[in-house]
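Single-letter residue listing:
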Amino acid sequence: MAHYVDGYVVPVPTSKLDAYRQLAERVGKIWMEHGALQLWECVADDVKPGKVTSFPQAVQLKDDETVIFSWTVFASREDRDRINAKVMKDKRLAKMMEPKALPFDAKRMIWGGFKTVIAL
């Protein structure tokens, strides 16, 4: 069975990376409790602006920010939809997702769901 992946890219102020990591760990545990198979949070290391497009350009990266690239793996699209519905109703998540309390600008977050075409 091919897995289904939710992915996102978000700019995070470098001064708030630790707060972001703590939030991502708490939120990630909720996704895992509800059935996600894997969750990865990665901070940019070799990410440069491009001539046409790039991660920094896609999120309108500011000088004091870095890019986070993250993905969550599910058994299927159906599992993802079921799990995300449960997570969105989880009261622990609601408390953490107040827009003004987030350590990043959610308006510049890019996300989507992806079918697996190759898994090696």
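Up top you'll find the structure we're talking about.
This text gives an overview of the structure that appears in the document. Keep in mind the model is a prediction, meaning the values are calculated, not measured.

**A word on the sheet that holds strand β1 (residues 4-13)**
Item 1. Pairing within the open sheet is antiparallel, and its four strands lie in the order β2-β3-β1-β4. In the strand order of this sheet, the two ends are held by β2 (38-43) and β4 (110-115), each with one partner. Sheet twist, expressed as the mean angle between neighbouring strand axes with direction ignored, is 15 degrees.
Item 2. Judged from the six bridges that link them, β1 and β4 form a sheet pairing that is antiparallel.

**What to know about helix α1 (residues 17-33)**
Item 1. Helix length check: α1 (17 residues) gives 24 Å between terminal C-alpha atoms against 24 Å at 1.5 Å per residue, within 8%.
Item 2. Taken together, the buried positions of α1 are Y20, L23, A24, V27, G28, I30 and W31. Down the axis of α1, the buried side of the element spans an arc of 155 degrees, and every buried residue falls inside it.
Item 3. Residues of α1 that are buried sit in contact with β1, β2, β3 (65-74), α3 (77-89) and α4 (91-96).
Item 4. G35 lies just past α1 and shows a positive phi near 125 degrees.

What counts, and where the lines are drawn
- Residues numbered from 1 in each chain as written.
- Predicted model: local features only at pLDDT ≥ 70, side-chain atom pairs only at ≥ 80, totals over all residues.
- Heavy atoms only, no water.
- Pairing = 2+ DSSP bridges.
- Helix = DSSP H or I, 4+ residues; strand = E, 2+ residues; numbered from the N terminus.
- Axes fitted to C-alpha atoms, helices over the stretch in contact; angles between N-to-C directions.
- Expected span 1.5 Å × (residues − 1).
- Buried < 20%, exposed > 50% of the residue type's maximum accessible area, 1.4 Å probe, protein only.
- Arc of directions from axis to C-beta.
- Contact = heavy atoms within 4.5 Å.

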